[in-house]
Amino acid sequence: MKLFMLDMKRNIKSTLIWSLGLGLSLFFVIIIYPIVQDMMDAINHVIEQLESLEYSFLDFIDIFGGIPSNGIEYFATEGAMFMQIAAGMFASLLGFSIINRDDREKTAEMLYTLPITRSSYLLEKMIAVFVQILLFMLIQLGIIALGFSIVAPDENISALFIFGFFDGLMLVMIAFLSMGLSLVMKPGSSTLFPLIIPIPLYVITTIAYATDNHILRLLRFLSPFTFAEPVGFLKNQRDFEWLNFGIFGILTLIVIVLSFIAFKKREIV
């Protein structure tokens, strides 16, 4: 596992920076919850009066999760949505760079000549990616739990940990898809290139849930953000998107298999 330890040492600093940076941002989002709680209660009271008048803008508000009525719903609309896109970017960059970095730093030739099979080489990198994403999610959940323990100690946040589990699986999928992308791209490609994975997929999920068009709503099956969509998961209690989860689970497995095949055929220089 020497390559695993090497990759952990090379990436642990950036992983901790991403983890603490995003975690502290979410912490401050949670900390201001008592300040906005009274405001949300007042807005909910106004909305109850407007519902009888059938104001069209109420539907527009519902598209973005509506007005939260408790701490979990507040976090789903104000914190978790931000966490998803930022975490998706982190996972994509991590998966891509763990392969691409060796080419950019001109260490690929030396690493490829070590007495280790290419399958083991790639497997250890995948394990390193998985462990770093696990560490990343544990830090996020720990900081989130700390924030709620301060401002809403009586709030039941068990749903957040279930959400965190599926969100972590989504990040692993994105990271492995990004690794597969790095293996079909020209060695030394721009480190920003993997962002074409999370950003468009996040937009697809947003569009799918922001429309009543049945055809456009089918777009949600094209994005892994769908099965871990925070508003539906934490606030609206929509049925879990098992079909979407299965599609991207199978797609990820296919990409992993193809990655091993592509890596064995990859040119050293």
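This text goes with the structure placed above it.
Our subject in this report is the structure included herewith. (Residues numbered from 1 in each chain as written. Predicted model: local features only at pLDDT ≥ 70, side-chain atom pairs only at ≥ 80, totals over all residues. Heavy atoms only, no water.)

**Focus: the overall build of the protein**
Phase 1 of the analysis: Of regular secondary structure, the protein possesses 11 helices and 0 strands.
Phase 2 of the analysis: Listing every helix and strand of the protein by position from the N terminus yields α-α-α-α-α-α-α-α-α-α-α.
Phase 3 of the analysis: By the burial criterion, 48% of the 269 residues in the protein qualify as buried.
Phase 4 of the analysis: Pairs at least 24 residues apart make up 78% of the contacts formed inside the protein by residues separated by at least 6 positions.
Phase 5 of the analysis: For the protein, the accessible surface area stands at approximately 13600 Å², while carbon and sulfur atoms represent 69% of it. (Helix = DSSP H or I, 4+ residues; strand = E, 2+ residues; numbered from the N terminus. Buried < 20%, exposed > 50% of the residue type's maximum accessible area, 1.4 Å probe, protein only. Contact = heavy atoms within 4.5 Å. Areas by Shrake-Rupley, 256 points an atom, 1.4 Å probe, with all protein chains shown as cover.)

**What to know about the packing of helix α1 (residues 2-31) against helix α4 (residues 71-104)**
Phase 1 of the analysis: Closest axis-to-axis distance for the α1/α4 pair is 10 Å, and the angle between their directions is 170°. Judged by the angle between their axes, α1 and α4 are roughly antiparallel.
Phase 2 of the analysis: Of the residues belonging to the contact of α1 with α4, the class tally is 16 nonpolar, 4 polar and 5 charged. (Axes fitted to C-alpha atoms, helices over the stretch in contact; angles between N-to-C directions. Parallel < 35°, antiparallel > 145°, perpendicular 65-115°, else oblique. Nonpolar A, V, L, I, M, F, W, Y, C, P; charged D, E, K, R; others polar.)

**Focus: the packing of aromatic side chains**
Phase 1 of the analysis: Using the criterion set out here, one finds 18 aromatic pairs in the structure.
Phase 2 of the analysis: Here Phe75 and Phe148 contribute two aromatic rings whose centre-to-centre distance is 6.3 Å and whose plane-to-plane angle is 75°, an arrangement assigned as edge-to-face. Separated by 73 residues along the polypeptide, Phe75 in helix α4 and Phe148 in helix α6 (residues 118-151) bring together distant segments of the chain. Note on accessibility: Phe75 and Phe148 belong to one class, buried.
Phase 3 of the analysis: Pairing Phe166 with Phe233 gives two aromatic rings, centres 6.0 Å apart and planes at 50°, and the pair type is tilted. (Phe/Tyr/Trp six-rings, centres within 6.5 Å; stacked < 30°, edge-to-face > 60°.)

**Remarks on helix α8 (residues 198-209)**
Phase 1 of the analysis: Here α8 contains 12 residues, and its C-alpha end-to-end distance of 17 Å stays within 8% of the 16 Å for a straight helix at 1.5 Å per residue.
Phase 2 of the analysis: Of the residues making up α8, those classed as buried are Pro198, Leu201, Tyr202, Thr205, Ala208 and Tyr209. Down the axis, α8 shows its buried residues gathered within 125° of arc, on one side only. (Expected span 1.5 Å × (residues − 1). Arc of directions from axis to C-beta.)

**Points about the nonpolar core**
Phase 1 of the analysis: One finds Ile133 and Phe148 to be the most contacted residues of the largest nonpolar core, which totals 58 residues.
Phase 2 of the analysis: Elements represented by at least two residues in this core include exactly α1, α4, α6, α7 (158-184), α8 and α11 (242-265).
Phase 3 of the analysis: Beyond its immediate sequence surroundings of up to four residues, Ile133 is in contact with Phe90, Ala91, Leu94, Gly168, Leu171, Val172 and Ala175.
Phase 4 of the analysis: If you look at the next biggest cluster of nonpolar residues, it comprises 5 residues, including Val29, Val36, Met40 and Tyr74. (Core = buried A, V, L, I, M, F, W, Y, C linked by side-chain atoms within 4.5 Å.)

**What about a nonpolar patch on the surface?**
Phase 1 of the analysis: The grouping of Ile250, Ile254, Val257, Leu258 and Ile261 at the surface amounts to a nonpolar patch, some 460 Å² of accessible area in total.
Phase 2 of the analysis: Position of Val257 relative to the elements: it lies in helix α11. (Patch = residues over 30% accessible without salt bridge, like charges linked within 9 Å, V, L, I, M, F, W, Y side chains within 5 Å. Salt bridge = Lys/Arg side-chain N within 4 Å of Asp/Glu carboxyl O.)

**Some points on the environment of Leu93**
Phase 1 of the analysis: Within the fold, Leu93 resides in helix α4.
Phase 2 of the analysis: Under the relative-accessibility criterion, Leu93 is labelled partly exposed at 22%.
Phase 3 of the analysis: Separated by 86 residues in the primary sequence, Leu93 and Met179 have C-alpha atoms spaced 9.1 Å apart.
Phase 4 of the analysis: Ignoring sequence-local partners within four residues, the contact set of Leu93 consists of Trp18, Thr191, Pro194 and Leu195.

**As for the packing of α4 against α8**
Phase 1 of the analysis: Orientation of α4 relative to α8, taken along the N-to-C sense of each, is 150°, at an axis distance of 9 Å. Taken together, the axes of α4 and α8 are roughly antiparallel relative to one another. Pair α4 / α8 crosses with right-handed handedness. Facing Met81, Gln84, Ile85, Gly88, Met89 and Ser92 of α4, the residues of α8 in contact are Pro198, Ile199 and Tyr202.
Phase 2 of the analysis: Broken down by class, the residue content of the contact of α4 with α8 amounts to 6 nonpolar, 3 polar and no charged. (Left-handed = near helix turned anticlockwise from the far one by under 90°.)

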